[in-house]
Amino acid sequence: NAMSNATLIEEMWNTLFENIIKVKNLIFEKIPNQYCERMFLMSLLEAGELNLAQKRIHLKLFDDQTQLEDIILSASRIHFDSAATIDHPSITIAKNCLKLIPTTPKILSELNFITATQQLSSLFNLHLVPLQIRLKKQEKIMSLISEVISNHKNTLNQIPDLMSIVSLLGADPDEVNQIYEMLANLAMIQNQWEIALGVCQILLKKGYTPIWQVCQQLGMENQFLNVSGRLELLAYCMFFAPIQYLNDISNTYNTLEASLKDNQEPNNEEMNERELE
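Note that the structure is a prediction, hence the values are computed from the model and not measured. (Residues numbered from 1 in each chain as written. Predicted model: local features only at pLDDT ≥ 70, side-chain atom pairs only at ≥ 80, totals over all residues. Heavy atoms only, no water.)

A. Summary view of the overall build of the protein. Within the protein one finds 15 helices and zero strands. A globule of 277 residues ought to have a C-alpha radius of gyration of about 19 Å, yet the protein, at 30 Å, is considerably larger. With the C-alpha coordinates aligned to their principal axes, the bounding extent of the protein is approximately 105 × 45 × 30 Å. Of all 277 residues assigned to the protein, the portion counted as buried reaches 40%. In the protein, 59% of the contacts between residues at least 6 apart in sequence involve partners at least 24 apart. Total accessible area computed for the protein in this model is approximately 16100 Å², and 52% of it derives from carbon and sulfur atoms. Separation between the mean location of the 21 positive side-chain charges and that of the 33 negative ones in the protein comes to 13 Å. (Helix = DSSP H or I, 4+ residues; strand = E, 2+ residues; numbered from the N terminus. Rg over C-alpha atoms; globule rule 2.2 N^0.38 Å. Buried < 20%, exposed > 50% of the residue type's maximum accessible area, 1.4 Å probe, protein only. Contact = heavy atoms within 4.5 Å. Areas by Shrake-Rupley, 256 points an atom, 1.4 Å probe, with all protein chains shown as cover. Lys, Arg positive; Asp, Glu negative; His and termini not counted. Charge placed at Lys NZ, Arg CZ, Asp CG, Glu CD.)

B. Spotlight on the nonpolar core. Membership of the largest hydrophobic core comes to 86 residues, with the highest contact counts inside it found for Leu-45, Ile-72, Leu-183 and Ile-211. Apart from residues no more than four positions distant in its own chain, Ile-72 is found in contact with Leu-45, Ile-57, Cys-97, Leu-98, Leu-100, Ile-101 and Ile-107. (Core = buried A, V, L, I, M, F, W, Y, C linked by side-chain atoms within 4.5 Å.)

C. View of the packing of helix α8 (residues 141–151) against helix α10 (residues 173–189). It is at 10 Å that the axes of α8 and α10 come closest, and there the two elements cross at 25°. Judged by the inter-axis angle, α8 sits roughly parallel to α10. When you trace α8 past α10, the crossing you get is right-handed. Contacts between α8 and α10 involve Ile-141, Met-142, Ile-145, Ser-146 and Ile-149 from the first element and Glu-175, Gln-178, Ile-179, Met-182, Leu-183 and Leu-186 from the second. A breakdown of the residues in the contact of α8 with α10 according to their chemical character gives eight nonpolar, two polar and one charged. (Axes fitted to C-alpha atoms, helices over the stretch in contact; angles between N-to-C directions. Parallel < 35°, antiparallel > 145°, perpendicular 65-115°, else oblique. Left-handed = near helix turned anticlockwise from the far one by under 90°. Nonpolar A, V, L, I, M, F, W, Y, C, P; charged D, E, K, R; others polar.)

D. Representation of the side chain of Glu-69 within the structure. The residue Glu-69 is located in helix α4 (residues 65–82) in this model. Of the side chains bearing the opposite charge, Lys-106 lies closest to the buried Glu-69, which forms no salt bridge; the N-O distance is 4.3 Å. When sequence neighbours within four positions are dropped, the list of residues in contact with Glu-69 reads Ile-101, Thr-104, Lys-106 and Ile-107. (Salt bridge = Lys/Arg side-chain N within 4 Å of Asp/Glu carboxyl O.)

E. Main features of the packing of aromatic side chains. For the structure on display, the rule yields five aromatic pairs. Consider the rings of Phe-80 and Phe-113, whose centres lie 5.2 Å apart with planes at 55°: the pair is tilted. Here Phe-80 is found in helix α4, whereas its partner Phe-113 is found in helix α6 (residues 105–124), with 33 residues between them in sequence. Across the pair, Phe-113 and Phe-80 agree in class, each one buried. Counting every residue linked through ring pairs, the aromatic cluster contains Trp-13, Phe-17 and Phe-40. One residue, Arg-56, lies across the ring of Phe-17, its end atom 4.4 Å from the ring centre. (Phe/Tyr/Trp six-rings, centres within 6.5 Å; stacked < 30°, edge-to-face > 60°. Lys NZ or Arg CZ within 6 Å of the ring centre and 35° of its normal.)

Structure (structure tokens):
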């Protein structure tokens, strides 16, 4: 029954296309067949008839591969944007549309976007309609990620997951650095000193100089007991902080360095006792 039903559906679509061509030849002679092919393929895709659409594509009726790519992308976005939730069946159809032709940079970008939205929902409990996610992403990736960070309490323990999503969304290097800075500031607010240090170190390696402010705050935070980490941050600040901050930074650095040396110097009496043992 399923096979006969599928055959019947295919026959109905084929009949529809034949009738379109007949009408076109009778009334709209100047309209090229390629135009009819494009409109028919779009109709198949929008109806979710992907198997039939794939058959049309395999007939190699489309000379312009860029136009074919645009049709696929357009149909995929229609299904994605119409979905009420991120786990709606339309999301699967949207992804499967993109798999009908060989992957191109634009196709990959859209696939990555859909994957990112699914991960935002499953890993960070982001409860936005798919279209809202697209609009926020188009407006500014920072805006979308800011909403994730503000609404998900466990973000600091999932930084690798979040940054993987940021990459899938196609963030540029400046946006990536700004998101790391946002996370460093969040870690400072939550007194997560080691996490803040780790994020700062990532940005130090990237040469992102605006992070000096967080580095200064963390380097001068007396409750943070990682002295070597604080020294590393303060040393960085000496190069990039404005001159009016340098005196306090230098004094704190010297104090920490002295305390580190004191802790590292072995006690002579203890050494003598060990030698006697």
